[in-house]
Amino acid sequence: MSKYFNDLYIFEMANSHQGSVEHGIDIIKAMAKIARKYNIKAAVKLQFRNLDNFIHKDYKGRTDVKHIPRFESTRLSYEEFSQLVDAIHEEGLIAMSTPFDEDGVDWCMDMGVDIIKIASCSSLDWPLLDAVSQTRKPIIISTGGKTLSDIDKIYNFFTHRGCDFALLHCIAEYPAPKERLQLDFIDRLNKRYPDITIGYSGHEDPNDNTVPMLAIAKGSKILERHVGLPTDTITLNAYSMNPEQADRWVAAAEDTKLICGMKKKDKYVSQEELDSLLSLMRGVYLRHDVKEGDELNLEDVYFAMPCHDKQMTSGEFKDGMVVTKDYKADEALYEKKKVTDINLVRSVVHDAKGMLYEAGIALGNDFEVELSHHYGMKHFRQTGAIIINIINREYCKKLIIVLPGQNHPSHAHRVKEETFQLLYGDLTVTKEGVVTHMKPGDMQTVLRGEYHSFTSVNGAIFEEISTTAMKSDSYYQEAKISRLDPIERKTILKKW
């Protein structure tokens, strides 16, 4: 994935330069000020057309055909476009352009444009797409007016050519009314194409900053808007932003990233939040005097606020706990919740279910869960794996869940041969000393007798297809694990 794509803002100049290099440079400088103010990754995008060939000779100079008068009145030469690209780079911005013909693609290459953008109107122009795919430049494609079937074709076209590309949800109406923006479609694009960056190209009211905020909350990593610079003689169209509006647009988007916690994969819980909740929780208090070593049940305690620091909360209390000191009636109970293998198993099962939900994997009801804990349940989150046995006949199917940071030790099989396919997350497999970093969809075959281990940084779910699995067919390289009976290092669950 291109270094340019994530958290990218695109300021599209289009024809807002009005055919003047000087005015174009003024727009570039105005956008650069915004980029520096918010310390953002930003691109200024131009549009390249060789008007000598792009407009049919019989239609040149016509005023009755849409767009032709605007294109001809804002014409820039190759040399003038080169000046704008140089100005973009001089301001520390990313240079980007939309070529509308093959000459425009050549111009992108000649001028050192960093990213090539495909406009919605060109996203099924296969001759143009073929020329762009051969540049090996990062590519961003707008999908305005395209069905899901069309977008599948575009995705497959660039994927098969090994291109580095991103897709933008776009409604190609100018301006686009809010009731037709369909921002929920961003969710679908992210789910359908999880391996590429999804963004949003907007043409709505330039003063409506709820739309970019919602687009980011929906998972957009790229935002694009038309920009311009009004003067005494230049008036912007209804969907282009002036610098003040562009500033507020960026500010709203950056606020949304902060609010949504975009930089954190897991939910962050602050100490302030914990303290706030603790002040509202109920603590455990004694109904009567108790002695060290007494066993407590629900009738021995009551729950009330306030709950003090380190006091046991109502949610932590369990029947059968044993106190470690004497307590008086109405005294707060200060005991630690006992950690048992049952607690640990339940916690692991909940995490595994959550990963399956997030990955969209349904199990049905007919399966067996096997927890492999090579150093005991207390160390399971560091070493082990969750094995879900689904089918075991002449062929065998399992799902393996690896928790974040978990490692499964090196071992081999003498009877079965197996193939892994990663379905979700990240997985690093070491086989006979060769390390392979897998991404979803990747496969790895392990032959009989090959020693292999696996681990994951953020968690993984992979499918294992093999020949018949035998309970005693795992041979570990580490002697301590190898000496264990399989019953000692496995917990079997029929339901969870």
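First, a word on scope: everything that follows refers to the structure included in this document. Bear in mind the structure is a predicted one, so any value in this text is a computation, not a measurement.

### Digging into the sheet that holds strand β23 (residues 475–476)
- On the basis of which strands lie adjacent, the open sheet formed by five strands has the order β19-β18-β21-β16-β23 and antiparallel pairing. Each edge of the open sheet is held by one strand with a lone partner, namely β19 (434–438) and β23.
- In terms of strand pairing, strand β18 (residues 427–431) meets strand β21 (residues 452–455) through four bridges, oriented antiparallel. Within β21, the residue paired with Val429 across the bridge is Phe454.

### Things to note about the packing of aromatic side chains
- Applying the stated criterion across every chain yields a total of 19 aromatic pairs.
- Here the aromatic rings of Phe420 and Phe462 are separated by 4.7 Å at their centres, their planes lie at 55°, and the arrangement is tilted. Here Phe420, found in strand β17 (residues 418–425), pairs with Phe462, found in strand β22 (residues 460–467); they are 42 residues apart in sequence, far enough to count as distant.
- We classify Phe420 as buried; its relative accessible area is 1%.
- Among the aromatic residues, ring-to-ring pairing joins Trp126, Tyr155, Phe157, Phe158, Phe165 and Tyr193 into one connected group.
- Above the plane of the ring of Phe100 lies Arg49, whose end atom (NZ or CZ) is 4.0 Å from the centre.
- Positioned above the aromatic ring of Phe157 is the side chain of Arg161, whose terminal nitrogen or guanidinium carbon lies 3.7 Å from the ring centre.

### Overview of unusual backbone geometry
- Tyr174 connects to Pro175 through a cis peptide bond whose omega is -5°.
- Considering the arrangement of structural elements, one finds Pro175 in the loop between β6 (165–170) and α8 (184–192).
- Here the bond from Met305 into Pro306 is cis, since omega is 10°, no more than 30 degrees from zero.
- By the secondary structure assignment, Pro306 is in the loop between β11 (301–304) and β12 (321–322).
- The residue His67 is not glycine, and still its phi comes out positive at about 80°.
- Tracing the sequence through the fold places His67 in the loop between α2 (51–54) and α3 (68–73).

### So, the sheet that holds β17
- Ordered by their spatial adjacency, seven strands build an open sheet running β20-β17-β22-β15-β14-β13-β24, and the pairing between neighbours is antiparallel. At either end of the open sheet lies a strand with only one pairing partner, and these are β20 (443–446) and β24 (490–493). For this sheet, the mean inter-axis angle between neighbouring strands, taken without regard to orientation, is 25°.
- Bridging between strand β13 (residues 368–372) and strand β14 (residues 385–392) involves five bridges; their strand directions are antiparallel. Each residue of the ladder has a partner; that of Glu368, found in β14, is Asn389.

### Structural notes on the side chain of Glu224
- Take Glu224: it is sitting in strand β8 (residues 222–226).
- Within the structure, Glu224 has its side chain in polar contact with the side chain of Ser201 (distance 2.6 Å).
- The contact partners of Glu224, leaving out residues within four places of it in the chain, are Ile10, Glu12, Lys45, Lys117, Ser142, Leu168, Tyr200, Ser201, Gly202 and Trp249.

### A few points about the pairing of β18
- Taking burial as the measure, the five residues of β18 include four buried ones, the bulk of the element.
- Bridge count between β18 and β19: five bridges; the pairing is antiparallel. Opposite Lys431, over in β19, you have Val434 as the bridge partner.
- Between β18 and β19, which pair antiparallel and follow one another directly, the connecting turn spans two residues, one of which, Glu432, has a positive phi of 50°.

### Details of helix α4 (residues 78–90)
- For α4, spanning 13 residues, the distance from its first C-alpha to its last is 18 Å, which sits close to the expected 18 Å at 1.5 Å a residue.
- Phe81, Ser82, Leu84, Val85, Ala87 and Ile88 are the residues of α4 that are buried.
- Of the surrounding secondary structure, the elements contacted by the buried residues of α4 are α1 (21–38), β2 (41–48), β3 (94–99) and α5 (102–111).
- Gly92 sits one or two positions beyond α4 and adopts a positive phi of about 80°.

What counts as what
- Residues numbered from 1 in each chain as written.
- Predicted model: local features only at pLDDT ≥ 70, side-chain atom pairs only at ≥ 80, totals over all residues.
- Heavy atoms only, no water.
- Pairing = 2+ DSSP bridges.
- Helix = DSSP H or I, 4+ residues; strand = E, 2+ residues; numbered from the N terminus.
- Phe/Tyr/Trp six-rings, centres within 6.5 Å; stacked < 30°, edge-to-face > 60°.
- Buried < 20%, exposed > 50% of the residue type's maximum accessible area, 1.4 Å probe, protein only.
- Lys NZ or Arg CZ within 6 Å of the ring centre and 35° of its normal.
- Axes fitted to C-alpha atoms, helices over the stretch in contact; angles between N-to-C directions.
- Polar contact = N/O pair within 3.5 Å; in protein donor to acceptor, adjacent residues only side chain to side chain.
- Contact = heavy atoms within 4.5 Å.
- Expected span 1.5 Å × (residues − 1).

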